[in-house]
Amino acid sequence: MKRVYVNEKWCLGCHLCEYNCAFANSGMKDMVLALKNKKIFPRIHVEGDEKITFAVSCRHCTDPLCVKSCIAGAISKIDGVVKIDKTKCVGCMTCVLVCPHGALSPGEDGVMQKCELCLENACGKPACVTGCPNHAIVYEERGERV
Amino acid sequence: MKQYVILGNGTAAVGCVEGIRSIDPKGKITIVSEEKHAVYSRPLISYYLEGKTDLERMKYRGDSFYDDNACHVLYGTKAVSIDPKKKQVALKDRSVLDYDALCVATGSRPFVPPFEGLETVENKFSFMKLDDALDLEKALTKDARVLIVGAGLIGLKCAEGIRDRVGEITVCDLADRVLSSILDADCAKLVQKHLEANGLHFLLGDTAVRFEKNKAVMKSGKTVAFDILVLAVGVRANTELVKDAGGNVNRGIVVTETMQTSLPCVFAAGDCAEGFDSSIGANRVLAILPNAYLQGHTAGVNMAGGNERLTNAIPMNSIGFFGYHIMTAGAYDGEMIEEKTGSGVKRFFVSDKLLKGYILLGEIERAGIYTSLIREKTPLDTIDFDLMKKVATNMIYSEKDRRKTFGDVV
Ligand SMILES: Cc1cc2nc3c(=O)[nH]c(=O)nc-3n(C[C@H](O)[C@H](O)[C@H](O)COP(=O)(O)OP(=O)(O)OC[C@H]3O[C@@H](n4cnc5c(N)ncnc54)[C@H](O)[C@@H]3O)c2cc1C
């Protein structure tokens, strides 16, 4: 199963992945209209300090605790991708409580959102990967892990 | 072909079905469901009253769940006894089911203390089931005065759910604070303030002792007039089936790490079970939905001949009221270390160089990183503890550990 991986040695901490993610999931055609002067709610985020930076997004775990814990039955894993049915989510944040990677956060409407690999938006493949200027984020097969 | 029987049709039952099917695609699964509904998200009954969800979206699994998993569901009947020697369950409708492996997933029921005069109250409700919420909904009126007995999770979620649909809400509890099972005194005070700012009234350290139709007489001598009474004092695990069959039962049905009860071929999972809580190193009932699923799944895998152990279950709650979020996990054991942040309070409990528990008020971002430290028993000297207190970030791990979790195998 292909996933998004980050090489922290190459990450520049430029946060472009966050913008590309927010744009890809905005459903809009124009990046400026979609993002300018707006607080963005990306599904990938950069963590780090002055020396080290890296982007974090859903690992699509082999045994996803968020799926088993969701009190609304809104999260499921379909064909290897962990997805949220946003119509069912009530924003209780139990997934935030259990995700060991800190990969979920609420969107603008308080409903949870997470990386679904851009497979269903106009991008078709992870926008964070496509737009990473230093190729620090890659989309590849590296075997299963918890 | 193996015959599986599951008693109860809640989250633990779903976990059990999915656990069985991960090993055995063929065996026959029969589910006995006392409630007449297909499985729904029990914790959402307050969100339903609040208008944040509806009956369709409350379905815990899609409409084809039982068909997809080849389950036969018997609605509106209940199991009345288990015969572990004959490997049979008797139902209320007098039919008998044979099983090779049985899972008791009967959940819990409201505990109602013997209040004097309770029978004189016309509009009284529990708040555990969808039907309770639907019944309560019929009684709601714009100016109804509501008395909720019990300031725990269920009573307060009910209050949040109905606030905008009634006149006024008073919540009483014998405990001197709100959410006494998950909050310490200081944190409870902060939460109470927030709830009061949102219109709830409290009578704490005080409870109803007697009811006279529309009036509650409190222990303190005060009286509270009400139109609607909600009883949310506490819950009791449904353990009787296993107990009567000679199985080992405390507050819940005692289970091992494989969810096996002391009766052969009988498993138990969810709110009715008392499994291992790794944060205290002993068995206890963990009446939360994630645990019901995890226990159910573990039971199912083992019923089908697979091998799964649940060794790192802990209590953990994420609960919000009127936009304010609270998260708690583990045991409040050892030294308390407090970190006040811009928007909230974090309290960590540390002993034996391990994070044992936490309480987060207001600031809950990426809290799963904390939960994971408790569940995995990560030695605190292998992480950046000072940073951890301030923010939940993957920066607390060494580069090597981070590479392991993030799959950078280069
Ligand atoms: C209002 C409310 C809010 C909650 N909020 C949260 C929350 O935010 N987060 C969280 O983690 N948890 C929450 N919970 C707790 C959570 O709902 C439970 O932990 C979870 O539903 C337990 O699942 P279960 O399958 O063990 O039991 P249940 O969901 O209770 O299912 C058991 C079923 O078995 C049936 N049954 C009982 N006896 C028999 C019998 N003899 N034969 C056949 N059927 C039988 C019962 O009727 C019931 O339908 C909440 C609970 C309530 C009531």
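Residues numbered from 1 in each chain as written. Chains lettered and ligands numbered in written order. Predicted model: local features only at pLDDT ≥ 70, side-chain atom pairs only at ≥ 80, totals over all residues. Heavy atoms only, no water.

The next point concerns the domain arrangement of chain A. Buried accessible area, meaning the area lost when the parts come together, often serves as the stated size of an interface. All names here are of chain A. Per the domain assignment, the segments making up chain A are domain 1 (1–57 + 115–146) and domain 2 (61–101). Contacts between domain 1 and domain 2 engage 12 residues on the former and 11 residues on the latter. Buried area between domain 1 and domain 2, both sides added, is near 800 Å², and the carbon and sulfur share of it is 46%. Note that Lys83 is salt-bridged to Glu120, the shortest N-O span being 2.5 Å. The tally of links from domain 1 across to domain 2 stands at two residue pairs in polar contact (both at pLDDT 80 or more). (Domains from an automatic or database assignment. Contact = heavy atoms within 4.5 Å. Buried area = accessible area lost by both parts, 1.4 Å probe. Salt bridge = Lys/Arg side-chain N within 4 Å of Asp/Glu carboxyl O. Polar contact = N/O pair within 3.5 Å; in protein donor to acceptor, adjacent residues only side chain to side chain.)

Among the nonpolar cores identified, the biggest contains 168 residues, and Ile137(A), Ile6(B), Leu7(B), Val104(B), Leu136(B), Leu183(B) and Tyr358(B) are the most heavily contacted of them. With near-sequence residues (within four places) excluded, Ile6(B) lies in contact with Ala13(B), Cys16(B), Val17(B), Ile20(B), Ile29(B), Thr30(B), Ile31(B), Val32(B), Cys103(B) and Ala105(B). Ranked by size, the runner-up nonpolar core spans 15 residues in total, among them Leu118(B), Cys172(B), Phe226(B) and Leu229(B). (Core = buried A, V, L, I, M, F, W, Y, C linked by side-chain atoms within 4.5 Å. Buried < 20%, exposed > 50% of the residue type's maximum accessible area, 1.4 Å probe, protein only.)

The subject of this paragraph is the site of the ligand. Surrounding the ligand, one finds 30 residues, the nearest of these being Ala12(B), Glu35(B), Arg42(B), Asp271(B) and Leu289(B). The environment of the ligand is shared, with nearby residues belonging to chains A and B. One of the backbone N or O atoms of Ala79(B) is found 3.0 Å from a nitrogen atom in the ligand. At 3.4 Å from an oxygen atom of the ligand is found a main-chain nitrogen or oxygen belonging to Ile288(B). The fraction of the free accessible surface of the ligand (990 Å²) that becomes covered by protein chains is 93%. Put simply, the parts of the chain that give the shell around the ligand at least two residues each are α1 (11–21) and α8 (289–303) of chain B. Per-element tally for the shell around the ligand: the top contributor is α8(B), with three residues. Looking at the shell around the ligand residue by residue, the class counts come to 16 nonpolar, eight polar and six charged. A domain-level breakdown of the shell around the ligand finds at least three residues from each of domain 1 (3–109 + 236–303) and domain 2 (118–233) of chain B. (Near = heavy atom within 4 Å. Areas by Shrake-Rupley, 256 points an atom, 1.4 Å probe, with all protein chains shown as cover. Helix = DSSP H or I, 4+ residues; strand = E, 2+ residues; numbered from the N terminus. Nonpolar A, V, L, I, M, F, W, Y, C, P; charged D, E, K, R; others polar.)

Right, let's talk about the interface of chain B and chain A for a bit. The partner chain A presents 36 residues to the 44 residues of chain B that form the contact. When chain B packs against chain A, close to 3,300 Å² is buried across both sides, 59% of that on carbon and sulfur atoms. The largest per-residue losses of area from chain B upon contact with chain A belong to Arg366(B), Met395(B) and Phe406(B), which jointly make up 18% of the total buried on that side. The interface formed by chain B and chain A includes three salt bridges. Linking Glu399(B) and Lys9(A) is a salt bridge whose minimum nitrogen-to-oxygen distance equals 3.0 Å.

The next subject is the environment of Phe348(B). Along the chain, the position of Phe348(B) falls in strand β25 (residues 345–351). C-alpha of Phe348(B) to C-alpha of Gly334(B): the two residues are 14 residues apart in sequence and 9.4 Å apart in space.

A few words on the environment of Gly48(A). Within the element layout of this structure, Gly48(A) appears in strand β2 (residues 45–48). Since its relative accessible area comes to 41%, Gly48(A) is described here as partly exposed. The residues touching Gly48(A), leaving out its near neighbours within four places in the chain, are Thr53(A) and Met395(B).

This part takes up the domain arrangement of chain B. Residue and element names in this part refer to chain B. According to the domain assignment, chain B contains domain 1 (3–109 + 236–303), domain 2 (118–233) and domain 3 (323–406). Centre-to-centre separation of domain 1 and domain 2, based on C-alpha positions: 30 Å. If you look at the interface, domain 1 gives 15 residues, while domain 2 gives 15 residues. Interface of domain 1 and domain 2: buried area, both sides summed, is about 1,400 Å²; carbon and sulfur atoms make up 63% of it. On the surface where domain 1 and domain 2 come into contact, there are zero salt bridges. Between domain 1 and domain 2 we count seven residue pairs in polar contact (both at pLDDT 80 or more) in total. Secondary structure elements with two or more residues in the side of domain 1 that touches domain 2: α2 (45–50) and β8 (108–110). Sorting elements by how many residues they give to the side of domain 1 that touches domain 2 places α2 first, with six residues.

For the rest of this paragraph, the subject is the packing of aromatic side chains. All names here are of chain B. As enumerated under the stated definition, the model contains seven aromatic pairs over all chains in all. Arranged with centres 5.0 Å apart and planes meeting at 75 degrees, the rings of Phe348 and Tyr370 form a pair that is edge-to-face. In this pair, Phe348 is assigned in strand β25 and Tyr370 in helix α9 (residues 368–375), connecting sequence segments 22 residues apart. You can call Phe348 buried: its relative accessible area is 0%. Judged by relative accessible area, which is 0%, Tyr370 ranks as buried. Ring-pair connections join several aromatic residues into one group, and the members of that group are Phe115, Phe211 and Phe226. Geometry around Phe321 places Lys157 over its ring, the cationic atom sitting 5.3 Å from the centre. (Phe/Tyr/Trp six-rings, centres within 6.5 Å; stacked < 30°, edge-to-face > 60°. Lys NZ or Arg CZ within 6 Å of the ring centre and 35° of its normal.)

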